[in-house]
Amino acid sequence: MKDVIEIIKTRRCVRNYKEDQIPDDDIKFLIDCAGYTPSGLNMQPWGFLVIKNKDVLRRLSEFGKKFMIPLLEQFKNTSQAAADFLAFLKTEGSDMFYNAPLMVIILGNNKAPTAVYDCSMAAQTMMLAAHSIGIGSCWIGGVQRALMDEKIMKELGVPEGYIIVAPLIFGYPKGSTEMPERKEPEVVWVK
């Protein structure tokens, strides 16, 4: 395994994957790592939905596009990234999940007051753990609203009382991903 600082600084959002499936033991490793994430009141409100079925992933991608396209239409003239992603989604055969062989959806228990924050941290933990063993990842936040559809949640077997927090894709990277430009953050010091 790599040094944690190196992992943090070299992890990238991967959008090009090999077809190779990730072994179940590696998926269990990622879920186990996520379970070590801190959580408010130690409620550990996360659950995990593992999707390896390509037909289900393809259908979820098409369903997600129906939600994302109208949303991105509003921003196409204000953001080049939004315009580019909109063009990608409108392209015949495009896949919101970039043909990744695996999606893990982190679910949040509604009874925990900090579920969204806790599950978001668990998502980052999973993505860092994946990078440490050579697996690429990307948080597909744009599909979250679509996945919250009651019919879709029921079909996927989401337990009652849980919400969709983090749709994550995983796979072995095909090629390398360049580091995007880093912006200098706004920092306010109170001394």
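Residues numbered from 1 in each chain as written. Predicted model: local features only at pLDDT ≥ 70, side-chain atom pairs only at ≥ 80, totals over all residues. Heavy atoms only, no water.

1. Some remarks on the overall build of the chain
Put simply, the rule reads: For helices the rule is a DSSP run of H or I covering at least 4 residues; for strands it is a run of E covering at least 2, with both sets numbered from the N terminus onward. Radius of gyration here uses only the C-alpha atoms, and the compact-globule reference equals 2.2 Å multiplied by the residue count raised to the power 0.38. Exposed residues in this analysis have more than 50% of their type's maximum accessible area, buried residues have under 20%, and partly exposed residues fall in between, with area computed by a 1.4 Å probe over protein chains only. Computed with the Shrake-Rupley method and a 1.4 Å probe, the accessible areas treat only the protein chains shown as cover for residues.
Along its length, the chain carries seven helices and four strands. Traced from its N-terminal end to its C-terminal end, the chain shows the element sequence α-α-β-α-α-β-α-β-α-α-β. Whereas a compact globule of 191 residues would reach a radius of gyration of roughly 16 Å, the chain reaches 17 Å, a difference of no more than 12%. The C-alpha extent of the chain, read off along each of the three principal axes, is 45 × 40 × 40 Å. Within the chain, the proportion of its 191 residues that are buried is 40%. Summed over all atoms, the accessible surface of the chain reaches about 11600 Å², with 54% contributed by carbon and sulfur.

2. Observations concerning the pattern of salt bridges
Selection rule: Salt bridge, as used here, is a side-chain nitrogen of Lys or Arg placed within 4 Å of a carboxyl oxygen of Asp or Glu.
Counting across every chain of the model gives six salt bridges. In this structure, Glu155 engages Arg59 in a salt bridge whose closest nitrogen and oxygen atoms are separated by 2.3 Å. Of this pair, Glu155 sits in helix H7 (residues 150-156) while Arg59 sits in helix H3 (residues 54-73), and the two are 96 residues apart along the sequence. Where Lys65 meets Glu62, a salt bridge forms, and the shortest distance between an N and an O atom there is 3.0 Å. One end of the pair is Lys65 and the other is Glu62, both in helix H3 and three residues apart, which spans about a single turn. A relative accessible area of 6% places Lys65 in the buried class. By relative accessible area, which is 39% here, Glu62 ends up partly exposed.

3. Re helix H5 (residues 115-132)
Just so we agree on the cut-off: What a helix is expected to span follows from its residue count: subtract one and scale by 1.5 Å. Here, residues are in contact when the closest pair of their heavy atoms is within 4.5 Å.
An ideal rise of 1.5 Å per residue puts 26 Å on 18 residues; H5 measures up with 25 Å between its terminal C-alpha atoms. Elements that come into contact with the buried residues of H5 comprise helix H1 (4-10), helix H2 (24-34), strand S1 (46-51), strand S2 (102-109), strand S3 (136-139) and strand S4 (162-171). A positive backbone phi angle near 85 degrees is found at Gly134, which sits one or two residues after H5.

4. Quick word on the packing of H2 against H5
As a reminder, the rule being used: Where helices are involved, their axes are fitted lines through C-alpha atoms of the stretch in contact, as for all axes, and angles between N-to-C directions lie from 0 to 180°. Oblique is the label for any angle not under 35 degrees, not over 145, and not in the 65 to 115 range, which are roughly parallel, roughly antiparallel and roughly perpendicular in turn. With the far helix as reference, a near helix turned anticlockwise by less than a right angle produces a left-handed crossing, and one turned clockwise produces a right-handed crossing. Here the term charged refers only to Asp, Glu, Lys and Arg, the term nonpolar to Ala, Val, Leu, Ile, Met, Phe, Trp, Tyr, Cys and Pro, and the term polar to all other amino acids, Gly among them.
Where H2 contacts H5, the two axes come as close as 8 Å, and the packing angle between them is 135 degrees. Considered as vectors, H2 and H5 are oriented oblique to each other. In this structure, H2 crosses over H5, and the sense of that crossing is right-handed. Residues Phe29, Leu30, Ile31, Cys33 and Ala34 of H2 touch H5, and the partners they reach there are Ala122, Thr125, Met126, Ala129 and Ala130. Partitioning the contact of H2 with H5 into residue classes produces nine nonpolar, one polar and no charged.

5. Topic: a nonpolar patch on the surface
What counts is decided by this rule: Patch criteria: residues need more than 30% relative accessible area and no salt bridge. Like-charged residues are merged within 9 Å; nonpolar side chains of Val, Leu, Ile, Met, Phe, Trp and Tyr are merged within 5 Å.
Judged by side-chain polarity, Val4, Ile5 and Ile8 come together as a nonpolar surface patch covering roughly 280 Å² of accessible area. When you line up the elements, Ile5 lands in helix H1. Exposure remark for Ile5: the relative accessible area of 46% places this residue in the partly exposed category.

6. Focus: H2
Definition in use: Directions pointing from the helix axis toward each C-beta atom define the arc.
Restricting attention to buried positions, one finds in H2 the residues Ile27, Leu30, Cys33 and Ala34. Across the axial projection of H2, the buried residues extend over an arc of 125 degrees, all falling on one side. Of the residues in H2, the exposed ones pointing more than 90 degrees away from the buried face are Asp25 and Lys28. The secondary structure elements touched by the buried residues of H2 are S1, S2, H5 and S4.

7. Some remarks on the packing of H3 against helix H4 (residues 80-90)
Running from amino to carboxyl end, H3 crosses H4 at an angle of 145 degrees, the nearest separation of the two axes being 10 Å. Considering only the axes of H3 and H4, their crossing is left-handed. Two secondary-structure elements touch here, H3 through Lys65, Met68, Ile69, Leu72 and Glu73 and H4 through Ala82, Phe85, Leu86, Leu89 and Lys90. Taken together, the residues of the contact of H3 with H4 sort by class into seven nonpolar, no polar and three charged.

8. Describing unusual backbone geometry
Even without being a glycine, Leu41 presents a positive backbone phi close to 55 degrees. Positionally, Leu41 belongs in the loop between H2 and S1. Residue Leu41 is classed as exposed on the basis of its relative accessible area, which comes to 72%. Unlike most non-glycine residues, Asn42 shows phi in positive territory, near 50 degrees. Note that Asn42 resides in the loop between H2 and S1.

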